[in-house]
Amino acid sequence: MLGQVHDHIVRELGESSRTDTIFVLTAIVFNLIVLAVNSGISTAAIAEESAATHDPISTATYDVMLAVFIIMTIVLNIVAVAALVLGRRNRRTLLGGLVAMYRDNDVDRYYDPSLMSNYGVRYLLFGGVIATLGLTAIVVPLIIRLS
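Residues numbered from 1 in each chain as written. Predicted model: local features only at pLDDT ≥ 70, side-chain atom pairs only at ≥ 80, totals over all residues. Heavy atoms only, no water.

Colleague: How would you summarise a nonpolar patch on the surface if you had to cite specific residues and measurements?
Modeller: On the surface, Phe 23, Val 64, Val 68, Ile 71, Met 72, Val 75 and Val 79 cluster together to form a nonpolar patch covering roughly 590 Å² of accessible area. In terms of residues, the nonpolar patch owes the most to one element, helix 2 (residues 56–104), which gives six residues. With a relative accessible area of 42%, Val 75 lands in the partly exposed category. (Patch = residues over 30% accessible without salt bridge, like charges linked within 9 Å, V, L, I, M, F, W, Y side chains within 5 Å. Areas by Shrake-Rupley, 256 points an atom, 1.4 Å probe, with all protein chains shown as cover. Salt bridge = Lys/Arg side-chain N within 4 Å of Asp/Glu carboxyl O. Helix = DSSP H or I, 4+ residues; strand = E, 2+ residues; numbered from the N terminus. Buried < 20%, exposed > 50% of the residue type's maximum accessible area, 1.4 Å probe, protein only.)

Below you can see the structure in the form of structure tokens.
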């Protein structure tokens, strides 16, 4: 029975890692796409403003599109970081169970407890990458638009 519990915890850890990877990759790809799209929208709005046939409605449309993408970027990044926080908590709980199981069976010396804190740092770094890209996807187009 102990082996089955061990295998179940290890499977849960693998599933949690895959889920975390999906959230990180989705946020990164989304942020890079939004950076490109919002930069294009900002550039198009500037071109529209400087055109001889300047249409204020068209410029407002660009600004609304930019605002929508900024809001969606904020929402997606909050969801991704929240998912990482939950993944970190789940990993800590599952690893804690494994370490307790190892301790009960006198094999805990084979698992270095510093790995648990290293995983926590890794989650913080992933969150930092997501936040930095999200901020870049918002700020750069605004700089283009407001210049």
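Colleague: Can you break down the pattern of salt bridges residue by residue, with the values?
Modeller: Per the counting criterion, the structure on display carries three salt bridges. A salt bridge links Arg 18 to Glu 15; its shortest N-O distance comes to 3.1 Å. Of this pair, Arg 18 and Glu 15 both sit in helix 1 (residues 2–50), separated by three residues, roughly a single helical turn. Judged by its relative accessible area of 42%, Glu 15 falls in the partly exposed class.

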